[in-house]
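Structure assessment
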Amino acid sequence: MENKKIEEVKELLKEDLKEINDLKVLNDLRVKYLGKTGIITELNSEIKNVANEDKKEFGMKVNELRTIFNDYYEETKNKIEDSILNEKLSKEKIDISLPATKIPSGAPSILEKLIEEVEEVFMSMGYDVVDGPEIEEDKYNFEMLNIPKGHPARDAQDTFYIEGEEILLRSQTSPVQVRTMLEGKGEAPVRIICPGKTYRRDDDDATHSHQFMQIEGLVVDKNISMSDLKGTLDVLFKKLFGEDTETRFHPSYYQFTEPSVEVDISCHKCHGKGCPMCKNSGWITVVGAGIVHPNVLRMSGYDPDVWTGFAFGFGADRLAMLKYDIDSCRVLYNTDLRESKVFDRKEKE
Ligand code: DAH
């Protein structure tokens, strides 16, 4: 009786275990045979009705059926999964013969590049690069730089006032000198440069803009002299414009330095012979500088009998224009990549 049932199930299996391509159908089949009330599961529970001496053989036969099903199940499942994966992969195939998508490449802004070059020169000499606010107080922008209210020098820096006479857009980076010295509390030596934006109501011709970049420098220590200033700027301009670049000082006037100078560099274009860039003089004025005025040191807490210093300030825009031979400062703020790339290429040539 039981043997007959086994034969029946065997026949059924032969019919059922054919080619299947669907995981769901396969799973249903598994439930049909091996589920809680599955055919093989139920057959197995018949063992209790089998005579004792036949139990062993019956059990073996049921196990055989289970193995037949399980082998079939594993094999089919792997086949279906493989074919799903292959189909997916074939859809994702990358055609490497297709032309690549062009990603536009940028080029560094020449103004940024110039500032970074200057920063590197000064950092190599042990300077810190510091920052200051662009919205500034009158006291830092003018007063503590020895330019009291009503001083005619204020007129030269057509300032944007924001609130009354006290809050303004800094017209120079020099207020950072004051801020740095106040932090030094009249004790520590100072060696900084500060690149940053400055603002003036200059008429908008091709060489001036209401916003421009300055780079300020300040050294306060013991026994600082004019020759330290000269040596420092000489290193800078040789690096920026070539080893044969010369620097020279001529007297000038700033309220926050005494003595004050303007610094000329020999024209890198004509090497001193005279050309339109240097207005035929062979020299180009690029920096305002001097020995820090005792009043400025005193107001910021440094005793001028103990400390001396030099300071300088120059326009980064102007320097970039000279270096890249540009006659309009608008080019520096142009976002047209084609232009930046031309300068980048020229530089690498
Ligand atoms: N602040 C000056 C200007 O904007 C530039 C300058 C001159 C800065 C002399 C200095 C300096 O630190 O010592 O015209």
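Residues numbered from 1 in each chain as written. Predicted model: local features only at pLDDT ≥ 70, side-chain atom pairs only at ≥ 80, totals over all residues. Heavy atoms only, no water.

Glancing now at the domain arrangement of the protein chain. What the domain assignment lists for the protein chain is domain 1 (2–92) and domain 2 (110–348). Between domain 1 and domain 2, the C-alpha centre-to-centre distance is 88 Å. (Domains from an automatic or database assignment.)

The seven strands are arranged E1-E5-E6-E10-E9-E8-E7 in an open sheet whose pairing can be described as mixed. If you trace the sheet from one side to the other, it starts and ends with strand E1 (128–129) and strand E7 (247–254), each paired once. Of the pairings in the sheet, the one linking strand E8 (residues 257–266) to strand E9 (residues 283–292) comprises eight bridges and is antiparallel in character. Residue Ile265 lies in a different strand from E9, and its bridge partner there is Ile284. Of the strands in this sheet, E7, E8, E9 and strand E10 (308–315) touch helix H8 (residues 226–241), which is tilted by about 120° from E7. (Pairing = 2+ DSSP bridges. Helix = DSSP H or I, 4+ residues; strand = E, 2+ residues; numbered from the N terminus. Contact = heavy atoms within 4.5 Å. Axes fitted to C-alpha atoms, helices over the stretch in contact; angles between N-to-C directions.)

Here the focus is the sheet that holds strand E2 (residues 135–137). With antiparallel pairing, three strands are arranged side by side in an open sheet as E2-E4-E3. Pairing within the sheet leaves two strands with one partner each, and these edge strands are E2 and strand E3 (161–163). Across this sheet, the average inter-strand angle for adjacent strands is 40°, counted without regard to direction. Examined bridge by bridge, E3 and strand E4 (residues 167–169) share two bridges and lie antiparallel to one another. Counterpart to Tyr161 in the pairing with E4 is Leu168.

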